[in-house]
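Spelled out from the first residue to the last, the chains are:
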Amino acid sequence: DAGVTQSPTHLIKTRGQQVTLRCSPKSGHDTVSWYQQALGQGPQFIFQYYEEEERQRGNFPDRFSGHQFPNYSSELNVNALLLGDSALYLCASSHSGGSLSYNEQFFGPGTRLTVL
Amino acid sequence: LAKTTQPISMDSYEGQEVNITCSHNNIATNDYITWYQQFPSQGPRFIIQGYKTKVTNEVASLFIPADRKSSTLSLPRVSLSDTAVYYCLVGALGGRRALTFGSGTRLQVQP
């Protein structure tokens, strides 16, 4: 089991551009959550996808959008990039039906986005 | 959402026991306490979770007093590889729960 995988590893963009980040969940997981982690801070919840729909959303603007595919993989899109969007973007997967005994989400290694 | 407070940083030496305390005064009845570990340039990793009293696994122990307003993560005999950021989270259970991270505690283990 490869666990949660993310691509690309690193990305450099300029202000105003758009970016797409990708995530493949752990085998058997159907729920994907995205987090943004600024340098020196804890991860902040962006949104969560389950059954190809956005189910929960954190305090992030509409410039942040996503998608989940039938195979449970997911994309995070950010439009009109700002300097403040520079961060590590983490994808986490979990199983919706199970995990009632744990608050355990499996995180990928993240995508480091730099906006110049 | 229950807010958590942890020390910003801690230093220790190899072989020592490290205790990291988290304060969560507004914890709700159905909230559990979960700890995650994060190494540089990696995603957080689940360590341990508990509701009350004491929980122990192969990695750590979690002590929760009766009032549940705080919890202590105990790492026995730390090694250099335990140098990481440790996050205390409080919330209800479920695979679809959004996790709320604070700033965490940066543990530095010295030789």
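In what follows, the structure referred to is the one given above.
Quick caveat, the model's predicted, so the values are computed rather than measured. One numbering rule holds for all chains: residues counted from 1, following each sequence as written. Naming scheme: in the order in which they are written, chains are lettered from A and ligands are numbered from 1. Reporting in this predicted model follows two pLDDT cut-offs: at least 70 for local features of residues, and 80 or more for side-chain atom pairs to be given and counted; totals over whole chains, interfaces and linings ignore these cut-offs and use all residues. As a convention, hydrogens and water are excluded, and side-chain values are obtained from all of the structure's heavy atoms.

Visitor: An account of the overall build of chain A is requested, with residue identities and associated values reported.
Guide: Broken down by element type, chain A carries zero helices and eleven strands. Comment: elements are numbered from the N terminus, with helices defined as DSSP H or I runs of at least four residues and strands as E runs of at least two. Counting from the amino terminus, chain A carries its helices and strands in the arrangement β-β-β-β-β-β-β-β-β-β-β. In terms of overall dimensions, chain A is globule-like: its C-alpha atoms have a radius of gyration of 14 Å, near the 13 Å expected for 116 residues. Viewed in the frame of its principal axes, chain A has a C-alpha envelope of about 40 × 25 × 25 Å. Partly exposed residues are those whose accessible area sits between 20% and 50% of the maximum for their type, while under 20% is buried and over 50% is exposed, using a 1.4 Å probe and protein chains only. Taken across its 116 residues, chain A has 47% of its residues classed as buried. Two residues form a contact once any of their heavy atoms are found within 4.5 Å. Residue pairs in contact within chain A that sit at least 24 positions apart in sequence constitute 54% of those at least 6 positions apart. We get accessible surface area from the Shrake-Rupley algorithm with a probe of 1.4 Å; when it comes to residues, only the shown protein chains can shield them. Summed over its atoms, the accessible surface of chain A is roughly 5,500 Å², and 49% of this surface lies on carbon and sulfur atoms. Charge convention: Lys and Arg are scored as positive, Asp and Glu as negative, and His as well as the terminal groups of each chain are ignored. Every charge is mapped onto a representative atom, which is NZ of Lys, CZ of Arg, CG of Asp or CD of Glu. If you average the places of the 8 positive and of the 10 negative side-chain charges in chain A, the two averages end up 11 Å apart. Here the globule rule reads 2.2 Å times residues to the power 0.38, and the radius of gyration is calculated from C-alpha atoms.

Visitor: Can you explain unusual backbone geometry? Please cite residues and give values.
Guide: Residue A:Pro8 is bonded to the preceding A:Ser7 through a cis peptide linkage, with omega at -10°. Of note in this structure, A:Glu52 is not a glycine but carries a positive phi near 65°. Mapped onto the elements of the fold, A:Glu52 is located in the loop between strand E5 (44–50) and strand E6 (53–57). The class for A:Glu52 is partly exposed, based on a relative accessible area of 43%. Here B:Thr53, not a glycine, exhibits a phi torsion of approximately 60°, which is positive. Residue classification places B:Thr53 among the exposed residues on the basis of a relative accessible area of 52%.

Visitor: Any chance you could break down the environment of B:Ala66 for me, citing the residues and the numbers?
Guide: Along the chain, B:Ala66 falls in the loop between strand E6 (61–64) and strand E7 (70–75). Along the primary structure B:Ala66 and B:Val55 are separated by eleven residues, whereas in three dimensions their C-alpha atoms are 14 Å apart.

Visitor: Talk me through the pairing of strand E7 (residues 64–68) of chain A; I want residue IDs and the actual numbers.
Guide: Residue and element names in this part refer to chain A. Residue alternation in E7 divides its side chains into a buried set, Phe64, Gly66 and Gln68, and an unburied set, Ser65 and His67. One ladder, built from five bridges, connects E7 with strand E8 (residues 74–78); its direction is antiparallel. From the neighbouring strand, glutamine 68 faces E8, where its bridge partner is serine 74. The hairpin formed by E7 and E8 contains five residues between the paired strands, and tyrosine 72 there has a positive phi angle of roughly 80°. A pair of strands is considered paired only if DSSP assigns at least 2 bridges between the two.

Visitor: Any details on the layout of surface pockets? Residues and values, ideally.
Guide: Residue and element names in this part refer to chain B. The definitions used throughout rest on a 1 Å grid laid over the protein atoms alone, on which a cavity is an enclosed set of points accommodating a 1.4 Å probe that cannot get out and a pocket is an open set flanked by protein within 12 Å on both sides along at least five of seven lines; lining residues are those having an atom within 4 Å of a point. Grid points are joined across faces, edges and corners, and a volume is the space filled by probe spheres set on the points. Space inside the second largest pocket adds up to approximately 330 Å³. Looking at the second largest pocket, it is lined by 20 residues, and the ones nearest its centre are Gln38, Pro40, Ser41, Val85 and Arg106. Taken together, the elements giving at least two residues each to the lining of the second largest pocket come down to strand E8 (84–91) and strand E9 (105–110). Of the residues assigned to the lining of the second largest pocket, the class counts are nine nonpolar, nine polar and two charged. Residues were grouped as follows: Ala, Val, Leu, Ile, Met, Phe, Trp, Tyr, Cys and Pro as nonpolar; Asp, Glu, Lys and Arg as charged; and all remaining residues, including Gly, as polar.

Visitor: Provide a residue-level description of the sheet that holds strand E5 (residues 53–56) of chain B, including the pertinent values.
Guide: Residue and element names in this part refer to chain B. An order of E2-E7-E6-E5 is seen for the four strands of this open sheet, with the pairing classed as antiparallel. Of all strands in the sheet, those bounded by a partner on one side alone are strand E2 (18–23) and E5. In this sheet, adjacent strand axes meet at a mean angle of 15° when their direction is disregarded. Comment: axis = line fitted to C-alpha atoms, over the contacting stretch for helices; angle = value between 0 and 180 degrees taken between N-to-C directions.

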